[in-house]
Amino acid sequence: MPAGIVFAGDTHNPFVIVDKPAGLPSAPLSESDAAPNALRLVAGEFSGVMRVRGRKAAEHGLVHRIDIEASGLLLFALTQEAYDFFVDEQRHGRFRKSYTAFCHRLPDTASRLGGFPPAPAGTERGGFVCRSRFRPWGKGRREVRPVTADSAPAARKKAGAAVYETAVSALSVAENAPPQQAQPDSAADGGAVYRLAAETARGFRHQVRCHLAWRGFPVIGDALYHPAYRVGGEGETARRQRTLFFASGLSFRHPLTREAQAFALPEYDGE
């Protein structure tokens, strides 16, 4: 499934926004990586993206990534000037990313997965905020774990210096719950499916999914951060469940006019 163009840039709008499907990488791992990815699809229509020097040589005009398991909005810069502007906006917290997630309520998720510090206290139904540094975790460093002042010294030593925040502004029981291939036996609230709206200004790999699991709201279908969907979890078929996590919105200033821009995908129903 190709990435869909949400906004096609031009001379006066030097950026492109696409709706990346789940399972497609945002960019290649290296310049010799020939696997399909969103950057390659964008470059087929907008060659200028390949003339941009990105954080990594293989990323070119890709402004930010989203997890391969997620679908949703990705921003690409078509000029070096636009790219440098977007990077600076991210550095100053003026680049906002919104996410929609369908989750189970599993209060003991962090203890079952291991490696998490005590979860922050605070409101749930009215939203909550998670702040932490991160460190790699597990076999092949495929996962991450939050690191706080309450983490063990060894964990604090392995973490980066930057602190990342995930703000959950809406948390409600999903009226039209997406289909599930397996229902965890340990899910609270009668196995209800929760719909969460989250926002970040700076992003780290797996940040939102990990933070949600930390607070006891693992994303349905998440093979890394939901106990029931991991290898050896509560159901073999559950591991083939689609990850119900979507990058649903972007807001930033225009790189030329400095006017506010906002892009959002239609409400996801998990289909």
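Further up the page is the structure itself.
Below: a short report on this structure. All values reported here derive from a predicted model rather than from experimental measurement.

This paragraph deals with the layout of surface pockets. By volume, the largest pocket amounts to about 1,100 Å³. Lining of the largest pocket is provided by 38 residues; of these, Arg65, Ile66, Gly203, Phe204 and Arg205 occupy positions nearest its centre. Partitioned by chemical class, the residues of the lining of the largest pocket number 18 nonpolar, seven polar and 13 charged.

This part is about the side chain of Ser151. Note on placement: Ser151 falls in the loop between β6 (143-147) and α4 (153-158). Looking at Ser151, its side chain comes within polar contact range of the main-chain nitrogen of Thr148, at 3.0 Å.

Let's shift gears to the environment of Arg215. When you line up the elements, Arg215 lands in the loop between α5 (207-214) and β9 (245-253). Sequence separation between Arg215 and Ala119 is 96 residues, and the spatial gap between their C-alpha atoms is 6.0 Å.

Our focus in this paragraph is the pairing of strand β5 (residues 128-137). As defined by bridge partners, β5 adjoins strand β7 (residues 164-173) across five bridges and the pair is classed as antiparallel. Along β7, the bridge assignment pairs Val129 with Ala167. Between β5 and β6, which pair antiparallel in sequence order, lie five residues; one of them, Gly138, sits at a positive phi of approximately 85°.

Moving on to the environment of Ala70. Residue position: Ala70 is located in the loop between α1 (38-43) and β3 (71-77). Ala70 sits in the buried class, given a relative accessible area of 1%. Between the C-alpha atom of Ala70 and that of Lys20, which follows or precedes it by 50 residues, the distance is 8.1 Å. Apart from the residues lying within four places of it in its own chain, the contact partners of Ala70 are Lys20, Pro21, Ala22 and Phe245.

Once that is clear, we can look at α5. Burial within α5 is extensive, with eight of its eight residues counted as buried. All of the buried residues in α5 are Gln207, Val208, Arg209, Cys210, His211, Leu212, Ala213 and Trp214. Gly216, located one to two residues past α5, shows a positive phi value of around 90°.

Conventions used here
- Residues numbered from 1 in each chain as written.
- Predicted model: local features only at pLDDT ≥ 70, side-chain atom pairs only at ≥ 80, totals over all residues.
- Heavy atoms only, no water.
- 1 Å grid on protein atoms, 1.4 Å probe; cavity = no way out; pocket = protein on both sides within 12 Å on 5 of 7 lines; lining within 4 Å.
- Points joined across faces, edges and corners; volume = space filled by probe spheres on them.
- Nonpolar A, V, L, I, M, F, W, Y, C, P; charged D, E, K, R; others polar.
- Helix = DSSP H or I, 4+ residues; strand = E, 2+ residues; numbered from the N terminus.
- Polar contact = N/O pair within 3.5 Å; in protein donor to acceptor, adjacent residues only side chain to side chain.
- Pairing = 2+ DSSP bridges.
- Buried < 20%, exposed > 50% of the residue type's maximum accessible area, 1.4 Å probe, protein only.
- Contact = heavy atoms within 4.5 Å.

Read these as spatial facts, not as claims about activity.
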